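Inside the fold
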Amino acid sequence: MKFKPANNIQDLQYFGEFGGVNPSISDSSTYTFLSAKTMFDTFEGNTDGCYLYSRHSSPSNLYLGEALAAMEGTETANVAGSGMGAITPTILQICGNGDHIVSSRTIYGGTYAFLKNFTPRMGIETSFVDITKLDVVEAAITDNTKMIYCESVSNPLLEVADIKALAKIAKKYDLKLVVDNTFSPLSIAPAQLGADVVLHSLTKFINGSSDTMGGVVCASSDFINSQKSVIDGASMLLGASMDSMRSASILKNMRTLHIRMKQHSKNAAFLAEKFEADGLKTVYPGLKSHPSHEVFTSMMNKEYGYGGMLTIDAGSLEKANELMELMQEKNLGYLAVSLGFYKTLFSAPGTSTSSEIPEDEQAEMGLTDGLIRFSIGLDNDIERTYEMMNACMKEVGVL
Ligand SMILES: *Cc1c(COP(=O)(O)O)cnc(C)c1O
């Protein structure tokens, strides 16, 4: 049967302790044991189903992890307090002193800064490459390489990684392929295409209400257990754990993820086609003009579309800023970073989320001053939205 990520979430069943239709929230940081021996065994990692301390796991966190593992089709998953709280312990679990990473050069600014500025302190070196050029990826691999790191759809340039082909390279050299799938939940299922570890910032589409942070690592039980080890597990020891109250609320929001993603994708596809027809430089993986349109199409679960993210080039930072301020004034969305909200969010990545990347490197990767990144909202009447955006573009002279 074809892998249907939303069905897998929907088919999970759990009840509260009094038969509530929602699981009870575990409002405790620590847990009692009936015998001292069981406590000892649990510390040694030998007792399944026993809770020790909520930095390690809690019933609420396990429920959310189970739903996310069902979505990605991995054995299990471990939630974290933020996306970076999932990404950094994954990198540090796989790599140590003397190791090397081949990473896409167009990744989330925080991940880029971690690999570029922080991990070299620990003797971990990273080569940043154009992930769409498979020969360049392969040529960057050295004897010390442990990991290929990329985003399925990259932030902010919406480059698409050919996960199947990258998985083949990773296998050939015995490397871990780690994929951040934050921009394309449900649409792309990287583990089904050969990725070893799938990461998400739950802060974005998956939670979808911009009221909390969260992250997740979806992987094999062996990998997740190693991250949670009380002896040397990077998640357990670095401590970016999620609170049970939050995991319970994210689990509830996840139930509508499939409906939201379809609407985000439908609206973004509509606007991208209109913007392109108006002569704006528009980047959206669903457009035939997108260099990786075919690759995305070959990987996707079609019913969820090409996602809610698109970019346009307003020509200059001044024009971009003017346009964003006017669109906010007309209540077409918010001038804010982040993504996956019910309202459209827009920002200029060069001066915000990707400002960690030096200007010359921004230019080299095609991140122009006038670039505006849109996370398209759930607007019911997207034609009206388009007409109003079009009027704003004419008013500031972008069109
Ligand atoms: C936001 C984001 C992150 C970081 O997640 P936080 O929840 O902000 O820590 C990582 N990767 C991508 C692609 C993101 O958009």
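Within each chain, residue numbers correspond to sequence positions counted from 1 in written order. For a predicted model such as this one, the threshold for reporting local features is a pLDDT of at least 70, and the threshold for listing and counting side-chain atom pairs is 80 or more; totals across whole chains, interfaces and linings nevertheless cover every residue. Only hydrogens and water are set aside; all other atoms, that is, all heavy atoms of the structure, feed into the side-chain values.

**Thoughts on unusual backbone geometry**
In this model, Asn 155 is joined to Pro 156 through a cis peptide bond whose omega is 0 degrees. The helix count covers DSSP runs of H or I at least four residues long, the strand count covers runs of E at least two residues long, and both are numbered beginning at the N terminus. Within the element layout of this structure, Pro 156 appears in the loop between β4 (145–151) and α7 (163–172). At Ser 210, a position not held by glycine, the phi torsion is positive, near 45 degrees. The phi torsion at Asn 331 lies on the positive side, around 60 degrees, for a residue other than glycine. Mapped onto the elements of the fold, Asn 331 is located in the loop between α13 (317–329) and β10 (334–335).

**A word on empty space enclosed by the protein**
A pocket, in this scheme, is an open set of points on a 1 Å grid over the protein atoms alone with protein on both sides within 12 Å along at least 5 of 7 lines, while a cavity is a set where a 1.4 Å probe fits but cannot get out; residues line either one if an atom lies within 4 Å of a point. Grid points are joined across faces, edges and corners, and a volume is the space filled by probe spheres set on the points. According to the stated counting rule, one finds two cavities of 30 Å³ or more in the structure shown. In this structure, the largest cavity spans a volume of roughly 150 Å³. What lines the largest cavity is a set of 22 residues, and nearest its centre among them are Arg 55, His 56, Asn 78, Val 79 and Ser 241. If you list the elements that add at least two residues to the lining of the largest cavity, you get α3 (59–72), β1 (76–80), α4 (84–94) and α9 (234–238). No other element matches the four residues that β1 contributes to the lining of the largest cavity. For the lining of the largest cavity, the class distribution of residues is nine nonpolar, 11 polar and two charged. In this structure, the second largest cavity spans a volume of roughly 40 Å³. Residue classes follow a fixed rule: Ala, Val, Leu, Ile, Met, Phe, Trp, Tyr, Cys and Pro count as nonpolar, while Asp, Glu, Lys and Arg count as charged, and any other residue, Gly among them, counts as polar. Classifying every residue of the lining of the second largest cavity gives six nonpolar, three polar and no charged. As annotated, the domain borders come from an automatic or database domain assignment. A domain split of the lining of the second largest cavity shows at least three residues from each of domain 1 (5–254) and domain 2 (257–396).

**Here's the deal with the domain arrangement of the protein chain**
Domain boundaries in the protein chain define domain 1 (5–254) and domain 2 (257–396). One C-alpha centre belongs to domain 1, the other to domain 2; they are set 27 Å apart. Here, two residues are considered to be in contact whenever any of their heavy atoms come within 4.5 Å of each other. With 37 residues of domain 1 at the interface, the matching set in domain 2 holds 40 residues. The term buried area means the drop in 1.4 Å probe accessible area that two parts suffer when joined, counted for both and summed. Interface area lost by domain 1 to domain 2 is led by Leu 158, Ser 187 and Phe 205, which between them contribute 21%. A salt bridge links Lys 116 to Glu 361; the nearest nitrogen and oxygen atoms lie 3.3 Å apart. Here a polar contact is recorded for every N or O atom pair within 3.5 Å, except that within protein the pair must consist of a potential hydrogen donor and a potential acceptor, and residues adjacent in sequence are included only if both atoms are side-chain atoms. Between domain 1 and domain 2 we count 11 residue pairs in polar contact (both at pLDDT 80 or more) in total. Only one rule defines a salt bridge in this text: a Lys or Arg side-chain nitrogen within 4 Å of an Asp or Glu carboxyl oxygen.

**A word on the packing of α13 against helix α15 (residues 382–396)**
In helix packing, the relevant descriptors are the interaxial angle and the interaxial distance, both defined with respect to the helix axes. Every axis corresponds to a line fitted to the C-alpha atoms, with the helix fit spanning only the stretch in contact, and the corresponding angles, defined between N-to-C directions, vary from 0 to 180 degrees. The contact between α13 and α15 brings their axes to 9 Å, and the two run at 135 degrees. Put simply, α13 runs oblique to α15. α15 is crossed by α13, and the crossing has right-handed handedness. Where α13 abuts α15, its residues Lys 319, Glu 322, Leu 323, Leu 326 and Met 327 lie against Met 389, Cys 392, Met 393, Glu 395 and Val 396. In the contact of α13 with α15, the residues fall into seven nonpolar, no polar and three charged. Working definition: roughly parallel below 35 degrees, roughly antiparallel above 145 degrees, roughly perpendicular at 65 to 115 degrees, and oblique for all remaining angles. It is the rotation of the near helix from the far one that decides the hand of a crossing: anticlockwise by less than a right angle makes it left-handed, clockwise makes it right-handed.

**Some remarks on the sheet that holds strand β6 (residues 197–201)**
Spatially, the seven strands line up as an open sheet ordered β1-β7-β6-β5-β4-β2-β3, and their pairing is mixed. The outermost strands of the open sheet, each flanked by one partner alone, are β1 and β3 (125–129). Each strand of the sheet is rotated relative to its neighbour by a mean of 20 degrees, with strand direction disregarded. At least two bridges found by DSSP between two strands is the condition for calling them paired. Pairing between β1 and strand β7 (residues 215–219): five bridges, direction antiparallel. What sits directly across from Asn 78, in β7, is Val 217. Strands β1, β2 (100–104), β4, β5 (176–180), β6 and β7 of the sheet are contacted by α4, whose axis makes an angle of about 160 degrees with β4. Against the sheet, helix α5 (residues 109–118) contacts β2, β3 and β4, and its axis sits at roughly 130 degrees relative to β3.

**Structural notes on the site of the ligand**
Close to the ligand lie 15 residues, the nearest being Gly 83, Asp 180, Ser 201, Thr 203 and Lys 204. In the model, an oxygen atom of the ligand is placed 2.8 Å from a nitrogen or oxygen of the Met 84 main chain. Note on areas: Shrake-Rupley, 1.4 Å probe, and residue coverage restricted to the protein chains presented here. Contact with the protein chains hides 94% of the accessible area of the ligand, taken as 380 Å² for the molecule alone. Of the residues contributing to the shell around the ligand, the split by class is five nonpolar, seven polar and three charged. We call a residue near a molecule or strand whenever a single non-hydrogen atom of that residue lies within 4 Å of it.

**Let's talk about the pairing of β2**
Burial within β2 is extensive, with five of its five residues counted as buried. Going residue by residue along β2, you find His 100, Val 102 and Ser 104 tucked away on one face and Ile 101 and Ser 103 tucked away on the opposite face as well. We call a crossover right-handed when, viewed with both strands directed away from the observer, the connection leading from the first strand over the helix to the second proceeds clockwise. For the segment spanning β2, α5 and β3, crossover handedness is right-handed. The pairing of β2 with β4 spans four bridges and is classified as parallel. Residue Val 102 lies in a different strand from β4, and its bridge partner there is Ile 148. A simple rule labels every residue: compare its accessible area, found with a 1.4 Å probe on the protein chains alone, to the largest value its type can have, and call it buried under 20%, exposed over 50%, or partly exposed in between.

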